[in-house]
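# Fold and contact review
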Amino acid sequence: MKFKLAAFLFFLLFVGGVFAACGNGVCESGENQCSCSQDCGTCSGQYGNEPCKELACVSGVCKIVQKTNCCGNATCEAGETYNVCPADCTPKSIDITVFVPAENDYFLFGERVNVLVGIMADKASKVIGADASFTFRGKTYPILNDGKHGDSTAFDAIYGAFVPVTKEMLGSNPLAFTAVFRGVTGKASASLVVRPDLNVGMDVPSTVFLGDVLNLRGTVTAKKIPVAIPLDANIVFQGKSVFDLAVNSDGNSGAFKIVYPISLLNKLGVYTVIVSGIDGNGNRAYFEKSFEVKEKVFVEKLSIKIEPLQKQSFVRGEEVPLVLAMVDDAGAAVEKAEVFVEAFGEKTQFFEFEPGKYSAAITIPVAAAEGENMFVIYAAKKEGSVVVAETSGYGTFLVEKTMPLIEARSPKDDTFKIGETVSFDILASYPDGSKVVEARAFVLIGAREIPLSQTEPGHFVGSYVFTEEDSGDQFVSIKVADFYGNVVSQEKKISVSGESFFYVLAKNALILVVAFVIAALVIFFSLGAVLGRISIVSREKAVANAQAKIRELQTNYFKKSLITREQYESEMQRLGDRLRKLKGEG
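Residues numbered from 1 in each chain as written. Predicted model: local features only at pLDDT ≥ 70, side-chain atom pairs only at ≥ 80, totals over all residues. Heavy atoms only, no water.

### Some thoughts on the overall build of the chain
For the chain, the count of helices and strands is five helices and 37 strands. Taking all 586 residues of the chain together, 35% fall into the buried category. Intrachain contacts of the chain at a sequence separation of at least 6 include 56% that bridge at least 24 residues. Split by element, the accessible area of the chain, about 34,300 Å² in all, is 56% carbon and sulfur. (Helix = DSSP H or I, 4+ residues; strand = E, 2+ residues; numbered from the N terminus. Buried < 20%, exposed > 50% of the residue type's maximum accessible area, 1.4 Å probe, protein only. Contact = heavy atoms within 4.5 Å. Areas by Shrake-Rupley, 256 points an atom, 1.4 Å probe, with all protein chains shown as cover.)

Right, here's the structure in full:
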């Protein structure tokens, strides 16, 4: 019986082999996409969504192969460059363009230099992922393309870094830049020149006359930025100082002025005005220019007699009333003269309220310097358009201190906890509403000083975290010191007690970490046990499932003849391997 069954099976296999043929519509054993595309389909076309991969027959087997002349096939082929196909090709050069420091740049002590470079590949393509740095005074500094180092926006191929300028950097400091991208290195160099010279500009007339008033206006800038700096102004004649004045330049405009009546000089000749000063960072301001003093001769002579001021000191915003008499050399009143007063950079014309007597008023601006200030009077007598006589005079008055006003917008609360952050938001202005500028603002909590930063004119902010040393009642003193030395303060009583949630967390961080680790270990081992049990149950179900499929396969082949021998053997091999693997047998 067994012999007959075997003979029958051999006969079936022989007949199948005889009648199997390519083109019968059935992809049979021994046929594939390469040997019989009519029955099994073609082996060609793009593979999935990958544009540089396709299907092709290799040694009679359908395989995935790379397309030729395709950008993205990992081969830099003829006609491809990094600019054309960066996916396949490596750049031939990395090119660094140094924007800052530029060739003619120089920097001051205390300045923060924003080093900036642009990086390109093959002079055409932006490089956004280079490993870039520069060497400076024996140290290497990274330059980043993250939008946080003055480099505009992130990933724009502009790389930046910040370098503070110190006195040790005086002179020329070479910078060596390096950028590495895809194994290609680019280099560049530049020089960071440190020259601590502030710019002083001032118009000085080449000739002045006895009786004139030397009225000089100048500015101090740090490369076009106004600078507030104490200055020493001198007028020198034949190597000796005949006039010495301490002035301050304005922080908003950098402006300063020097007023000196030439009538105080007793010799004609060439004089030199010298202005010098050093700011808080050690940068130097220096100006020097000469002028000649000559005698001006008129047929008619005028004299100005200024009446004494009713008081000598005034506050900002107040008017200073001026009254004067104009007389000739014989003491007679001079009518219809043109008379002006100049103070604080403004000219005001007098009016004649009775023959030979004139009056005007000067309004003291908020920006006026405290202490002694000078006003200068110019007078001229004309016949038609011809000046027949002129003179000048001067006087002084005191500007009193004008205390600023402060408003504490925060903090509003008066109770805090240890570890809590308090924010300070302060407004400072003068009584006329103008903002306080060039001021120093800070907060005193006990002996601790917390500096406040000026975000805009008259607005100061800062913060402080309370510590255990602050426990109890404290006096918080907010102080603002303006450019003129006026100091105003405001006090607030607060109470610090208890501990904030985050402070407790920070103080008990070690305990919390240990507890967390223990909890994590417990969960890990517990979870491992559960997962182990789940794995065992899952493996048992998989074994039972594989055994059931083997029984079903045997039924379909031996009893029902639903599958061929090749299909049976192939599937039996696969199921057997899976069953042995699940049982750990191989």
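Moving on from the model shown.
### Thoughts on empty space enclosed by the protein
The final tally for this structure, using the stated rule, is one cavity of 30 Å³ or more. What the largest cavity holds in volume is close to 50 Å³. Along its surface, the largest cavity is lined by Asn215, Arg217, Lys257, Val259, Glu342, Ala343, Phe344, Gly345, Met374 and Val376. Elements that contribute at least two residues to the lining of the largest cavity include exactly strand 14 (213-222), strand 18 (255-261), strand 24 (338-343) and strand 28 (371-383). When grouped by side-chain class, the residues that make up the lining of the largest cavity number five nonpolar, two polar and three charged. (1 Å grid on protein atoms, 1.4 Å probe; cavity = no way out; pocket = protein on both sides within 12 Å on 5 of 7 lines; lining within 4 Å. Points joined across faces, edges and corners; volume = space filled by probe spheres on them. Nonpolar A, V, L, I, M, F, W, Y, C, P; charged D, E, K, R; others polar.)

### Topic: the pattern of salt bridges
Inspection of every chain in the model, using the stated rule, returns nine salt bridges. In this structure, Arg217 engages Glu342 in a salt bridge whose closest nitrogen and oxygen atoms are separated by 2.1 Å. Here Arg217, found in strand 14, pairs with Glu342, found in strand 24; they are 125 residues apart in sequence, far enough to count as distant. Exposure remark for Glu342: the relative accessible area of 9% places this residue in the buried category. Taking the shortest distance from any N to any O, the salt bridge between Glu338 and Lys382 comes out at 3.5 Å. Of this pair, Glu338 sits in strand 24 while Lys382 sits in strand 28, and the two are 44 residues apart along the sequence. (Salt bridge = Lys/Arg side-chain N within 4 Å of Asp/Glu carboxyl O.)

### Re the pairing of strand 18
For strand 18, a buried count of five out of seven residues is recorded, marking the element as mostly surrounded by other parts of the structure. As paired strands, strand 14 and strand 18 are joined by seven bridges and run antiparallel to one another. Looking at strand 18, one finds that Leu214 is bridged to Tyr260. (Pairing = 2+ DSSP bridges.)

### Examining unusual backbone geometry
A cis amide bond links Val100 to the next residue, Pro101, at an omega of 5°. Summarising the element assignment, Pro101 is placed in the loop between strand 4 (94-100) and strand 5 (112-121). Here the amide bond leading from Ser410 into Pro411 is cis, since omega sits at 10°, within 30 degrees of zero. When you line up the elements, Pro411 lands in the loop between strand 30 (405-410) and strand 31 (415-418). Positive phi values are uncommon outside glycine, yet Lys123 reaches one of about 60°. Within the secondary structure, Lys123 sits in the loop between strand 5 and strand 6 (125-126). Judged by relative accessible area, Lys123 falls into the exposed class, the value being 67%. Of note, Gln238 is a non-glycine position whose phi angle comes to about 50°, a positive value. For Gln238, the position within the fold is in the loop between strand 16 (230-237) and strand 17 (240-248). With relative accessibility at 65%, the residue Gln238 sits in the exposed group.

### Section: the sheet that holds strand 23 (residues 319-328)
Neighbouring strands of a sheet are bound in pairs by backbone hydrogen bonds; such pairs are parallel or else antiparallel. Pairing is antiparallel across the open sheet formed by four strands, whose spatial order is 21-23-27-26. Looking at which strands have only one partner, the edges of the open sheet turn out to be strand 21 (302-306) and strand 26 (351-354). Strand after strand, the sheet turns through a mean of 35° between neighbouring axes, direction not considered. Sheet topology places strand 21 next to strand 23; five bridges connect them, and they run antiparallel. Note that in strand 23 the partner of Ile304 across the bridge is Met326. (Axes fitted to C-alpha atoms, helices over the stretch in contact; angles between N-to-C directions.)

### Focus on the state of the cysteines
This model, assessed by the stated rule, comprises seven disulfides. There is a disulfide in this structure between Cys71 and Cys85, and the S-S distance comes to 1.9 Å. Handedness of the Cys71-Cys85 disulfide follows from its S-S torsion of about 95°: it is right-handed. Pair noted here: Cys71 is in the loop between strand 3 (61-66) and strand 4 and Cys85 is in the loop between strand 3 and strand 4, with a separation of 14 residues, a long-range link. Classification of Cys71 by relative accessible area gives partly exposed; the value is 42%. Using a relative accessible area of 1% as the deciding quantity, one classes Cys85 as buried. Across the disulfide from Cys76 sits Cys89; the S-S distance is 2.0 Å. Every disulfide takes its handedness from the sign of the S-S torsion; for Cys76 and Cys89 that torsion is 95°, giving right-handed. With Cys76 in the loop between strand 3 and strand 4 and Cys89 in the loop between strand 3 and strand 4, this residue pair connects regions lying 13 residues apart in the sequence. (Disulfide = S-S within 2.5 Å.)

### Observations concerning the sheet that holds strand 32 (residues 421-429)
Taken in spatial order, the eight strands make up an open sheet running 30-32-35-34-33-36-37-31, and their pairing is mixed. Each edge of the open sheet carries a strand with a single partner, namely strand 30 and strand 31. Strand after strand, the sheet turns through a mean of 30° between neighbouring axes, direction not considered. The pairing of strand 33 (residues 440-445) with strand 36 (residues 472-481) spans six bridges and is classified as antiparallel. Paired with Ala441 across the two strands is Val480, which belongs to strand 36.

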